[in-house]
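Take a look at the letters that make up each chain.
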Amino acid sequence: MKKRLNFLIPLILLLVLVFFLGRGLGLDPHEVPSPLIGKPAPGFALTQLDKPEQVIRRDDMLGKVWMLNVWASWCVACREEHPLLVEFSRQKLLPIYGLNYKDERAAGLQWLGNFGNPYDVSLFDHDGRVGIDFGVYGVPETFIIDKQGVVRFKQIGPVTPEVIADKIAPLVRQLNG
Amino acid sequence: MIPELGHFALWLGLGVALILGVLPMWGAARERADYMGLARPAAYTLAGLVLLAFLCLMQAFIAHDFSVLYVAANSNSLLPIQYCIAGVWGGHEGSLLLWLMMLCIWMVAVARFSRHLPMPVLSRILSVMGLISVGFLLFMLLTSNPFDRLIDVPADGNDLNPLLQDPGMVSHPPMLYMGYVGFSVAFAFAVAALIGGNLDATWARWTRPWTTVAWLFLTIGIALGSSWAYYELGWGGWWFWDPVENASLMPWLLGTALIHSLAVTEKRGSFKSWTVLLAILAFSFSLLGTFLVRSGVLSSVHAFATDPRRGLFILTFLTLVVGASFSLYAWRAPTVGLGARFALISKETALLANNVLFLVAALAVLLGTLYPLLLDALGLGKISVGPPYFDAVFMPLMAPTIFLMGAGPLVRWKQATLPELAVRLRWAAAVTVVASVVTGWLAGQIHVVATCGLLMAFWIFTSVATDLWERIRPDGGGVAVLRSKLKQIPRAMAGMMVAHIGVGVFCIGVVMVKAYEVERDVKMNVGDTTTVRGYTFRFNGVQDREGPNYSAARGELAITRDGQPVTVLHPEKRIYKVQQNPMTEAAISPGLTGDLYVSMGEEVEGGAWIIRVYVKPFVDWIWGGCLLMALGGVLAVSDRRYRRKQGAAV
Amino acid sequence: MANMRSMGKALVLSVLLAIGVGAARAGEAAPAAADPALEARMLEITAELRCLVCQNQTIADSHADLAVDLRRQVREMLQQGQTDQQVVDYMTARYGDFVLYRPPFKATTALLWIGPGVMAVCGLLLLVLILRRRSRLPDARFEPDAEDADATEQPQAPTH
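Residues numbered from 1 in each chain as written. Chains lettered and ligands numbered in written order. Predicted model: local features only at pLDDT ≥ 70, side-chain atom pairs only at ≥ 80, totals over all residues.

Enquirer: Looking at this model, I keep getting lost on helix 13 (residues 347-377) of chain B. Mind explaining?
Expert: Counting along an α-helix, one turn takes 3.6 residues, and residues three or four places apart therefore face a common direction. All names here are of chain B. Under the 1.5 Å per step criterion, the end-to-end length of helix 13 is 43 Å for 31 residues, consistent within 8% with the ideal 45 Å. Of all the bends in helix 13, the greatest reaches close to 50 degrees and is centred on leucine 370; the proline proline 372 follows between one and four positions later. Along helix 13, 27 of the 31 residues are buried, which leaves the element largely enclosed by surrounding structure. Within two residues after helix 13, glycine 379 carries a phi angle of roughly 70 degrees, on the positive side. (Helix = DSSP H or I, 4+ residues; strand = E, 2+ residues; numbered from the N terminus. Expected span 1.5 Å × (residues − 1). Bend = angle between axes of the 7 residues up to and from the residue. Buried ≥ 20, exposed ≤ 12 C-beta atoms within 10 Å, placed from the backbone.)

Enquirer: Please clarify how the interface of chain C and chain A should be interpreted in this entry.
Expert: On the side of chain A, nine residues touch chain C, which itself brings twelve residues to the contact. Elements represented by at least two residues in the side of chain C that touches chain A include exactly helix 3 (65-79) and helix 4 (84-95) of chain C. In terms of residue class, the side of chain C that touches chain A is made up of seven nonpolar, three polar and two charged. (Contact = placed C-beta atoms within 7 Å. Nonpolar A, V, L, I, M, F, W, Y, C, P; charged D, E, K, R; others polar.)

Enquirer: I keep staring at the sheet that holds strand 2 (residues 55-57) of chain A and nothing clicks. Help me out?
Expert: Sheet strands line up and pair through hydrogen bonds in the backbone, either parallel or antiparallel. Residues and elements named next belong to chain A. In spatial order, the strands read 2-1-5-4-3-6-7; together these seven strands make up an open sheet with mixed pairing. Each of the sheet's edge strands pairs with one partner strand only, and the pair in question is strand 2 and strand 7 (151-156). For this sheet, the mean inter-axis angle between neighbouring strands, taken without regard to orientation, is 30 degrees. Across five bridges, strand 6 (residues 141-145) lies against strand 7 in antiparallel orientation. Counterpart to threonine 142 in the pairing with strand 7 is glutamine 155. (Pairing = 2+ DSSP bridges. Axes fitted to C-alpha atoms, helices over the stretch in contact; angles between N-to-C directions.)

Enquirer: What should I look at first to understand the packing of helix 7 (residues 119-143) of chain B against helix 8 (residues 167-196) of chain B in this one?
Expert: How two helices pack is summed up by the angle between their axes together with the distance between the axes. Residue and element names in this part refer to chain B. Two numbers describe how helix 7 lies on helix 8: the axes approach to 8 Å, and their chain directions differ by 125 degrees. Taken together, the axes of helix 7 and helix 8 lie oblique to each other. The handedness of the crossing between helix 7 and helix 8 comes out as right-handed. Where helix 7 abuts helix 8, its residues Pro120, Val121, Arg124, Ile125, Val128, Met129 and Ile132 lie against Ser184, Ala188, Phe189, Val191, Ala192, Ile195 and Gly196. Residues belonging to the contact of helix 7 with helix 8 are distributed by class as follows: eleven nonpolar, two polar and one charged. (Parallel < 35°, antiparallel > 145°, perpendicular 65-115°, else oblique. Left-handed = near helix turned anticlockwise from the far one by under 90°.)

Enquirer: Just checking my understanding: could you explain the domain arrangement of chain B for this structure?
Expert: As a measure of interface size, the accessible area lost when the parts come together is often cited. All names here are of chain B. Partitioning chain B into domains gives domain 1 (1-165), domain 2 (173-415), domain 3 (417-516 + 623-627) and domain 4 (520-618). Placing a centre on the C-alpha atoms of domain 2 and another on those of domain 3 gives a separation of 26 Å. Listed as interface residues are 14 residues of domain 2 and, on the opposing side, 18 residues of domain 3. Looking at the side of domain 2 that touches domain 3, the element that brings in the most residues is helix 14 (residues 387-407), giving six residues. Taken together, the residues of the side of domain 2 that touches domain 3 sort by class into ten nonpolar, four polar and no charged. (Domains from an automatic or database assignment.)

Enquirer: I'm lost on the interface of chain C and chain B in this one. Help?
Expert: Taken together, the contact pairs 53 residues of chain C with 69 residues of chain B. Breaking the side of chain C that touches chain B down by element, the ones donating at least two residues are helix 1 (2-19), strand 1 (30-31) and helix 5 (110-135) of chain C. Among the elements that take part in the side of chain C that touches chain B, helix 5 of chain C stands out by supplying twelve residues, more than any other. For the side of chain C that touches chain B, the class distribution of residues is 25 nonpolar, 14 polar and 14 charged.

Structure (structure tokens):
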């Protein structure tokens with residue numbers, strides 16, 4: 001009888017395999033989770049988009065919970081999330097800083113003029129190095145950083161009302177105490 | 001009208017496939033000759049209907065009927081005619097129709113060349129193939145209909161992906177599909193044997209030629225894909241361990257194991273249940289490959305654009321087909337006999353050890369391909385598994401396999417001794433070591449990886465030579481005696497020798513190019529030269545050229561060696577008009593001892609161009625080796641035992 | 001080979017000397033990269049890194065913007081004298097293990113790395129064990145020797 005059980009091994013292995021393949025159908029092989037969650041945000045010193053003489057540093061933000069939204073005038077998906085961000089900024093829940101990624105100043109400012117400006121300040125990352133430090137690989141991306149400067153949340157792709165209601169707003173409330 | 005006709009043909013085909021899938025099988029169980037007699041006609045009818053659908057789709061492409069969604073998505077009014085035809089299988093829906101078409105071709109072949117099979121056996125086989133076609137027809141009709149119409153007919157189509165506008169597209173998918181769909185025949189034979197209870201050496205003899213032919217098509221299909229990538233992609237890579245490539249390699253590995261296992265079962269009646277399992281596995285991996293490529297669970301450059309709903313359908317189909325086969329196996333295989341006896345040291349054991357290694361190789365590739373999915377599904381993070389892993393794991397597995405490839409043919413059936421074997425192989429071993437070292441030294445530098453590969457290749461060559469020598473053994477009888485001895489070697493044996501030599505040739509190609517390839521990126525103004533390995537490349541400038549559906553910048557490089565002209569190459573940088581994407585067309589001068597490969601980079605200031613120049617020693621031996629393997633398969637199948645008239649049906 | 005290279009270098013030098021500065025005349029083509037050895041090293045490292053915005057391509061091969069940026073980044077890091085391992089650590093700190101085509105050996109990937117070897121050894125051992133067990137079975141359990149279809153299939157024994 002034990003010999004008979006051996007012949008069931010292929011079937012058992014198949015069922016295990018199918019289980020994992022079925023789970024795989026619900027996953028996205030392209031999505032890359034951020035290794036920065038729970039780690040300090042990378043240091044940066046960037047000029048303001050509208051004021052090239054004004055420099056903003058990471059440490060300027062210590063003591064507040066804040067949001068960093070990576071955007072660009074050439075980014076089509078950013079158009080999708082932008083009205084939401086403009087709406088969200090009116091709630092004044094937390095300061096929202098923009099990271100203008102691999103763009104030109106004039107184009108970026110014009111884009112904000114056309115579609116609204118939800119950002120307290122927009123940082124200008126011309127060559128994308130700060131983006132690389134943040135592990136940005138697709139625009140738009142959004143980070144929530146806490147009072148100690150630690151990255152707590154990353155959204156890959158446009159923010160949706162569900163993400164704001166279920167993930168961002170509760171997290172911000174929690175981090176603010 | 002014509003697309004609707006094609007669509008209707010598929011629905012009719014579904015009905016015929018259901019009849020084929022059920023009635024002959026039932027007839028075999030109940031010994032009803034009338035039901036069994038339906039098998040052949042139903043198979044032919046189904047094939048005719050699928051062919052009709054296929055031709056309707058082809059007609060829609062040739063006539064540029066953009067009211068059909070699939071045609072609009074995969075072609076354009078400027079598309080040259082051969083790519084209109086190849087475009088039929090350029091996307092997911094059409095390639096499914098090609099899959100089904102191939103299945104029908106195999107079904108017709110089985111129906112036609114099966115006079116020697118007893119009716120119940122043939123009925124079961126054709127029914128199984130009919131059931132598989134039911135699955136694919138349902139898949140197409142319910143989720144992936146190539147004949148869907150567009151309400152708003154676009155003025156022109158999206159064009160076929162420029163990477164696919166190549167002769168490779170005409171040959172690679174059909175060959176590949178002939179291959180891994182072909183394993184469905186061995187699968188059907190296996191299932192039929194398990195149901196009917198007639199698993200024996202005769203069964204193995206029937207199954208063997210079908211498996212060999214499928215295997216050789218798959219070999220050619222994979223080789224075509226690899227050589228296409230080599231000249232198309234612009235940097236001369238030929239294998240990336242991409243999930244879709246792995247999806248075709250796994251059935252190939254299992255198919256190779258199956259061919260060898262069938263040899264044991266046919267010869268000695270041994271390890272029948274293991275061979276049957278391999279036959280089921282080979283086709284199961286074909287189905288698994290179909291799932292992986294079309295479900296979106298893995299990221300690949302070759303993957304079709306699909307959605308999880310289609311993935312779910314294939315997964316369900318896969319589970320049903322393979323699950324049912326494995327259940328049947330668990331139920332019936334334990335009662336199968338042990339076959340003839342053989343010792344621990346014997347040809348049987350060598351072949352079985354080969355089986356184990358090929359199976360492990362296939363499982364290793366599967367492990368690497370699915371591991372990222374596994375970890376992600378368990379919430380353990382996201383990783384990537386790429387060529388560094390596969391190279392590190394696959395090569396060491398192939399080394400003992402190749403050692404057996406050399407030793408195995410020289411081991412006696414039933415019982416042998418190691419000392420005897422060592423004596424027969426001592427000359428081969430000595431020559432192998434010497435030849436490998438000398439070759440490395442002649443190439444200019446002794447390279448560890450290259451030496452390992454050369455050792456394997458020369459081992460194969462010398463052991464085949466030893467085997468051949470022992471068979472013809474010139475004893476002064478003159479050329480006539482020699483020729484008659486050569487003629488006496490059975491075709492199956494000759495096929496084996498040729499195929500094994502092909503593997504050796506392949507190894508040489510792989511390691512020589514890896515170890516001794518030279519690449520140089522240079523900035524060239526008109527008249528500039530660069531010299532690589534004795535070849536001088538002179539840049540003669542760039543001209544603009546218009547193609548049928550693209551505009552190109554065509555460079556010219558004149559190549560000389562020691563002052564003597566060798567050839568003139570014309571690499572291109574193309575912009576395809578419809579999708580506006582840039583494409584690099586490399587220019588290659590192939591040669592027996594290596595290729596000269598040139599591709600263009602960007603234009604820089606001053607009218608100079610970045611040009612990439614490669615010298616790739618022995619790279620064509622990679623595909624030459626595959627061709628030899630396939631040729632070996634052809635020789636083996638033409639063995640007279642398969643053309644012998646069979647006696648009374650068993 | 002080495003002879004060719006030094007001859008080539010001598011040729012370039014003499015051509016430059018003959019022409020002087022600034023004249024664009026046909027001659028030995030300059031390498032595309034400013035420092036070919038560094039470039040080769042950069043390509044070797046990035047050939048094992050995954051381009052995150054592509055469908056399964058290396059950073060070395062991809063034409064995507066991010067890949068171009070990352071190649072530039074690696075080039076600069078190598079110029080600053082950083083080691084290969086430092087470059088890899090830089091990438092994984094920002095993108096995680098996903099960016100590595102050679103998965104690191106960790107608890108979660110142990111099965112991946114040792115699996116094939118273990119399977120091969122176990123498979124062969126199992127084969128030997130099964131065959132040993134069969135050799136102890138009585139003859140009755142086996143089928144009698146089928147007549148060999150072709151005597152010439154049996155390899156010839158040496159006759160010296």
